[in-house]
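Remarks on the overall topology
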Amino acid sequence: MKHIMVYAGSLLLLTACMNGAGSTTYGVENEKAENEEDALLAGNAYQVTMDDSFERLSNYEGGGPDQRMFFWQEAMADEFDFNLDTTQLLREEVPTIEINPINKYEYIFVHDYLDFDHTEEEALEVKEKVKQDVEEGTGTHLEDIKDAYIRWVDNLVEEEVTVLTNEESDIDPFTYMVKHKTEAGTLRYELFGEAEQDYIQATLTIPSTEEENEALFETMLGSLQSITFDTEEFDDNAVMKETPARLAYEPSNNLLGEYPEVGYSFNFPEAATFRGSYPAYHVYRYTFGTPYEETVEKESDIPRSSDLVIRAEKLENAPTREEKIRNRAAEDFVGFGNNYVRTIDYLHEEEEFDTGVFTTAVRAEFDGYEEYWFLKEIDGHVYEVFFDLTFDTEEYDELREDYFDVVQSFEITDVEE
């Protein structure tokens, strides 16, 4: 009965939000390309006007490529009980909208021309063929993408799949819409369309508890149909994807299980390359991996990229503890390849070294590179910043400055001292 009341309350709240909601325009614009190849792979800028009952998640939280947009129905997401086992079940209880552009040049090359044995001359010919295929709109690639999705569904569920075209139903600017149910009974609508440089695959999911909520589907589809790739139609006041000044983890009452119960934030390291975050939606671990421009020799025992990891963990889940790393023997510092530690510095013992909020700071120097650990244990949790840097690389100074800014800008929240 409790769950029925919760769902009923969610439905009332959802309906109220939709009836009284406005809308917000969100946009994706591509970085300025430095050469022709980058321009081809950049894809199309686009905007979409979304009902305000839906909230857009940052790609730093939801993952995915830069052009992806992901929205969830905010009121119901706030009631969903997240733990690491149920995160993937989000769409069974929360309406979502996802937009995934697929670059035409990359797709056609991989599916029609990929061959690792191309000579340089052949590779140039293939490049021209791909450009010609995109410009002339040859092939049935959009239909192929749709058919591949249907085959994927058929392998997963026995539910009937319904396919509609824009000639049969009002789904423009999309060409196809595939409707089916998942094993959990969630209604899923997969839409396929195309722009000048991209194929567009978009997903609407509606929980089984909302199956008869026609107003919800119309709101979601209507928002999705507002998508535009025409720059002359763009809203100058659209909310654009921007690199945030700070990244954070904020605990809330609906985060259960292994989720940390304390929060943190830090300045975004602009010189670093964002690699990913964990878990999806409510992130408490951020990872950066920055390749070095001048490739380190493969046979050397030196990292060829610089890693930065920021996390908070409950004590029982923390891979590194303060006392343990302070007392770690030199032979227990595992180096890259066959490398071994040369020196160990305990930076928290140096009065002039700014470790920010961290009470343990250890530097280990190996042959050709260095690793740093910054840790603080408080209120049953461990905060950790780890990074490595390879000497004699162009990126060393800039990355080092940004990494120390992460450490020194790190703030702890939701903690009782």
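Preceding this paragraph is the structure being described.
Keep in mind that this is a model prediction, so the values were computed, not measured.

Re the sheet that holds strand β2 (residues 46-51)
In spatial order, the strands read β2-β1-β10; together these three strands make up an open sheet with mixed pairing. Here the strands that pair on one side only, and so sit at the sheet edges, are β2 and β10 (239-240).

A few points about the environment of K181
Turning to its location among the elements, K181 is positioned in strand β7 (residues 176-181). As a C-alpha pair, K181 and V161 span 20 residues in sequence and 8.0 Å in three-dimensional space. Other than its neighbours up to four places away in sequence, K181 contacts V157, E159, T186, L187 and E211.

Focus: the layout of surface pockets
Within this model, the second largest pocket holds a volume of roughly 760 Å³. E55, R56, L57, S58 and E61 are, among the 27 residues lining the second largest pocket, the residues nearest its centre. At the level of elements, β3 (54-57), α3 (59-62), β10 and β11 (246-249) are the ones that each hand at least two residues to the lining of the second largest pocket. Here the element with the most residues in the lining of the second largest pocket is β11; it accounts for four residues. In the lining of the second largest pocket, the residues fall into 14 nonpolar, five polar and eight charged.

Quick look at the sheet that holds β7
Taken in spatial order, the seven strands make up an open sheet running β3-β4-β5-β9-β8-β7-β6, and their pairing is antiparallel. Pairing within the sheet leaves two strands with one partner each, and these edge strands are β3 and β6 (162-165). Recorded for the sheet is a direction-independent mean angle of 20° between the axes of neighbouring strands. Pairing of β3 with strand β4 (residues 69-73) involves four bridges; the strand directions are antiparallel. If you follow R56 over to β4, its bridge partner there is F71. Against the sheet, helix α5 (residues 104-113) engages β5 (96-103), β8 (187-194) and β9 (198-206), with an angle of about 65° to β5.

Some details on the nonpolar core
As a rule of thumb, soluble globular proteins bury nonpolar side chains together. Among the nonpolar cores identified, the biggest contains 45 residues, and W72, Y264, I310, F374, V385 and F387 are the most heavily contacted of them. When residues no more than four places from it in sequence are discounted, the contact partners of F374 are L347, F353, T355, F358, T360, A361, Y383, E384, V385, F387, F404 and V407. Of all hydrophobic cores here, the second largest spans 26 residues; its members include M69, I99, F217 and I227.

What to know about the pairing of strand β12 (residues 263-267)
The side chains of a regular strand alternate, first on one face of the sheet and then on the other. In terms of burial, β12 is largely enclosed, as four of its five residues are buried. One ladder, built from four bridges, connects β11 with β12; its direction is antiparallel. In the sheet register, Y249 faces β12, and the bridge partner there is Y264. Alignment of β12 against strand β20 (residues 411-413), held across three bridges, turns out to be antiparallel. Residue pairing in the sheet places S265 in a bridge with E411 of β20.

Cut-offs applied
- Residues numbered from 1 in each chain as written.
- Predicted model: local features only at pLDDT ≥ 70, side-chain atom pairs only at ≥ 80, totals over all residues.
- Heavy atoms only, no water.
- Pairing = 2+ DSSP bridges.
- Helix = DSSP H or I, 4+ residues; strand = E, 2+ residues; numbered from the N terminus.
- Contact = heavy atoms within 4.5 Å.
- 1 Å grid on protein atoms, 1.4 Å probe; cavity = no way out; pocket = protein on both sides within 12 Å on 5 of 7 lines; lining within 4 Å.
- Points joined across faces, edges and corners; volume = space filled by probe spheres on them.
- Nonpolar A, V, L, I, M, F, W, Y, C, P; charged D, E, K, R; others polar.
- Axes fitted to C-alpha atoms, helices over the stretch in contact; angles between N-to-C directions.
- Core = buried A, V, L, I, M, F, W, Y, C linked by side-chain atoms within 4.5 Å.
- Buried < 20%, exposed > 50% of the residue type's maximum accessible area, 1.4 Å probe, protein only.

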